Amino acid sequence: MAPVMDSDLVRQSAATLSAAMQAGEVTSVQVTEACLARIEEVDDKVHAFLHVDRETALATAADIDTRRAAGAELGPLAGIPLALKDVFTMRGVPTTCGSRILADWRPPYDSTVVERLRAAGVVILGKTNMDEFAMGSSTEHSGYGPTHNPWDLERIPGGSGGGSSAALAAFEAPLAMGTDTGGSIRQPAAVTGTVGVKPTYGGVSRYGLVALASSLDQAGPCARTVLDAALLHEVIAGHDPRDSTSIDAPVPDVVAAARSGDVRGMRIGLVRELGGEGYQQGVRQRFDEAVAILTDLGADVVEVSCPNFEYALGAYYLILPAEASSNLARFDGMRYGLRAGDDGDASVEEVMSRTREAGFGAEVKRRIMLGTYSLSSGYYDAYYGQAQKVRTLIARDFAAAFEQVDVLVSPTTPTTAFRLGEKLDDPLAMYLNDIATIPVNLAGNCAMSVPVGLSPEDGLPVGLQIMAPALGDDRLYRVGSALEAALVDRWGHVLTEEVPAL
Amino acid sequence: MAAITRAEVEHLARLARLELTEGEIDHYAEQLSAIVDAVARVSEVAAQDIPPTSHPIPVTNTFRPDVVRPGVDRDEIAAGAPAWEDDRFRVPRILGES
């Protein structure tokens, strides 16, 4: 076995591990064992995982090793471990979506994403923590306790996919899966110094995702490098007849784009409305430095205005709760999950109300009532109807911007990771974390967050967001890998190498 | 502006099938009012002639071949049910005096 491996196994990228496996320098069982040992060692502190499936993971790894030894043709991610956000159904494996209402539920089927991961030989280590039903920006709304940011255990790892981002930053897995409805992949990536991509809406199947807001939800890859994210993107993306919103078109060549990393002549727009007032000084500083790098690399950087973005947050918090309140009606205590107060006397309606009261956390109840309010007669036109019009205006802003430039950039989040507890019972403060990520979900195009350094004030990671038009996912990877290569050149390593020892 | 009263919260909770506690009703009345105030800014823009967007990437007439595929396993569904009796979901009474 090559010296690079062994104790450093958990710190390697998926691409490096894949090459080592193909060269016979390391086995999938060794890599999987290393990740499981790392989880054993640090997850008491980090709490990235809700469930670890040791036996299945090792059996999958052993199977890949056997097939590889027999000379089977395997994809680049065969044998690579992955942390799966608990929003994806996986047959026979607990799937809670961070909610007590699904505490002991084991789905009878696989999501399409899981099916594709299995087909690619990816080793699924277990399920990661998240805000309940993906509602939140900190994992503090999980029904199973928060996840801690490996950069500073007193701080949030982002949300809703904080378990997946923390698993990457804590070196518990080289790859993770997330879902992004308003920023739940990108914001956790930004605050943990990792890479997260929200593909074009319809780019990755939603079949088997526990739905939050169906017109906004999109699954996507999380990793410590841009190339790893691209390799995962390629595995999970593509048309699925079981998702009627799935796009029937070829997946953009994201891996080639990540390998090219050439931004010469690309037109990059700075969104005037995202990044000024309300953004932490160190976030702005690292963002400006990254933009200067892109200019040095030959990109043509201009300022672009998207005047309706300032209404995005309001539109989002009308549309999302409306869709969520409908989607979450299925949790009625009748067919799966928790049932509370069924004393033989109570009516079905009473049992439903008691079940939902007992099984849902505070944020879920807030949003269900908000959605019920915005959809109720008398308010529908003023709120939900107006929000849908704003959605049109935001899509038009993007369309106009993409006539001038190839991609847009902004800071991913207004601040670095805040302290656990700081915004827990202040919903409006919590919602502001997604101010820069929400417009993309409303318009359905794609975006990526890449780490661009540590904020000088607090030594915490800063993310830069790249936004591209629908089905322009490859552009994200071109820009992301160009930036990553220049920064790695400067730092001598990827940003996560600076995570303090746990 | 859009103050949401206790009575409205109770009504919303009833519509949404949430049996809230007294404390929750007070707390949500305050928080929901603040949230609705903040999001109501959407009414400032978007004139009458702007068409609404319900879906970001419009896809119409999505069909798949009508072929037989395996369904989910009945025993696995039973195992996940909160109450199962005689090969069926057992549910609380649906009709009654109340």
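Here, every reference points to the structure presented above.
All of these numbers come straight from a predicted model, not from anything done at the bench.

Participant: Lay out the overall build of chain A with the relevant residues and their values.
Facilitator: Check the secondary structure of chain A and you find 16 helices and eleven strands. Over its C-alpha atoms chain A spans a radius of gyration of 21 Å, differing by no more than 12% from the 23 Å that the globule rule assigns to 502 residues. Taking the principal axes of its C-alpha atoms as reference, chain A extends roughly 65 × 50 × 45 Å. Within chain A, the proportion of its 502 residues that are buried is 66%. Sequence-distant contacts in chain A: of pairs separated by 6 or more residues, those separated by 24 or more amount to 76%.

Participant: Tell me about the interface of chain B and chain A, and please be specific about residues and values.
Facilitator: Across the boundary between the two partners, chain B contributes 58 residues, which contact 68 residues of chain A. Of the roughly 5,400 Å² buried between chain B and chain A, counting both surfaces, carbon and sulfur atoms make up 64%. Across the contact surface, chain B and chain A share six salt bridges. Across the pair A:Glu310 and B:Arg41 runs a salt bridge whose closest N-O atoms are separated by 2.8 Å. The tally of links between chain B and chain A comes to 24 residue pairs in polar contact (both at pLDDT 80 or more). When residues of the side of chain B that touches chain A are traced back to their parent elements, those giving at least two are helix 1 (6–15), helix 2 (22–39) and helix 3 (74–80) of chain B. If one sorts the elements of the side of chain B that touches chain A by residue count, helix 2 of chain B sits on top with ten residues. Here the side of chain B that touches chain A is built from residues that sort into 36 nonpolar, ten polar and twelve charged.

Participant: For the pairing of strand 7 (residues 267–271) of chain A, give the residues involved together with the corresponding values.
Facilitator: Each regular strand carries side chains that alternate between the two faces of the sheet. All names here are of chain A. Relative to strand 8 (residues 300–304), strand 7 is paired through five bridges, and the arrangement is parallel. Opposite Arg 267, over in strand 8, you have Asp 300 as the bridge partner. One crossover worth recording links strand 7 to the parallel strand 8 by way of helix 9 (residues 281–296), and it is right-handed. Pairing of strand 7 with strand 9 (residues 407–411), which is carried by three bridges, proceeds in the parallel orientation. Bridge assignment links Gly 269 to a residue of strand 9, and that residue is Leu 408.

Participant: Tell me about the pattern of salt bridges, and name the residues and values.
Facilitator: This model, assessed by the stated rule, comprises 33 salt bridges over all chains. One network of salt bridges, with partners in common, ties together A:Arg339, A:Asp342, B:Glu85 and B:Arg90.

Participant: Before we move on, can you summarise the environment of A:Ser374 with the specific residues and values?
Facilitator: Residues and elements named next belong to chain A. Topologically, Ser 374 is positioned in helix 12 (residues 362–375). When the C-alpha atoms of Ser 374 and Ile 293 are compared, they prove to be 44 Å apart, with 81 residues separating the residues in sequence. In this structure, Ser 374 is in contact with Leu 318, Ala 322, Tyr 379, Tyr 380, Tyr 383 and Tyr 384, ignoring residues within four places of it in sequence.

Participant: An account of the packing of helix 10 (residues 312–327) of chain A against helix 12 of chain A is requested, with residue identities and associated values reported.
Facilitator: Residue and element names in this part refer to chain A. Interaxial distance between helix 10 and helix 12 falls to 7 Å at its minimum, and their mutual angle equals 105 degrees. Taken together, the axes of helix 10 and helix 12 lie roughly perpendicular to each other. Of the residues in helix 12, those touching helix 10 at Tyr 317, Leu 318, Leu 320, Pro 321, Ala 322, Ser 325 and Ser 326 are Arg 367, Ile 368, Leu 370, Gly 371, Thr 372, Ser 374 and Leu 375. Counted by class, the contact of helix 10 with helix 12 contains eight nonpolar, five polar and one charged residues.

Rules behind the numbers
- Every chain is numbered on its own, with residues counted from 1 as its sequence reads.
- Chains carry letters from A onward and ligands carry numbers from 1 onward, assigned in written order.
- With the structure being a predicted model, the display of local features is reserved for residues of pLDDT at least 70 and the display and counting of side-chain atom pairs for 80 or more, all residues being used for whole-chain, interface and lining totals.
- Hydrogens and water are ignored here; the side-chain numbers use all heavy atoms of the structure.
- Only DSSP runs of H or I reaching four residues or more are called helices, and only runs of E reaching two or more are called strands; each is numbered from the N terminus.
- Radius of gyration here uses only the C-alpha atoms, and the compact-globule reference equals 2.2 Å multiplied by the residue count raised to the power 0.38.
- Burial status follows relative accessibility: with a 1.4 Å probe on protein chains alone, a residue under 20% of its type maximum counts as buried, one over 50% as exposed, and anything between as partly exposed.
- Throughout, a contact is declared for two residues whenever any of their heavy atoms are within 4.5 Å.
- A 1.4 Å probe defines the accessible area here, and the buried area is the portion of it lost by two parts on being joined, summed over both.
- When a carboxyl oxygen of Asp or Glu is within 4 Å of a side-chain nitrogen of Lys or Arg, the pair counts as a salt bridge.
- Identification of polar contacts relies on pairs of N or O atoms within 3.5 Å, with a donor-acceptor requirement for protein atoms, meaning one able to donate a hydrogen and the other able to accept it, and with residues adjacent in sequence counted only if both atoms are side-chain atoms.
- Throughout this entry, Asp, Glu, Lys and Arg are counted as charged residues, while Ala, Val, Leu, Ile, Met, Phe, Trp, Tyr, Cys and Pro are counted as nonpolar. The remaining residues, Gly among them, count as polar.
- Two strands are counted as paired when DSSP detects at least two bridges linking them.
- Looking down the strands as they point away from the viewer, one classifies a crossover as right-handed if the path from the first strand across the helix to the second runs clockwise.
- In this analysis, axes come from line fits to C-alpha atoms, helices being fitted only over the stretch in contact, and the angle between any two N-to-C directions falls in the range 0 to 180 degrees.
- Just so you know how the angles are binned, under 35 degrees is roughly parallel, over 145 roughly antiparallel, 65 to 115 roughly perpendicular, and the rest oblique.

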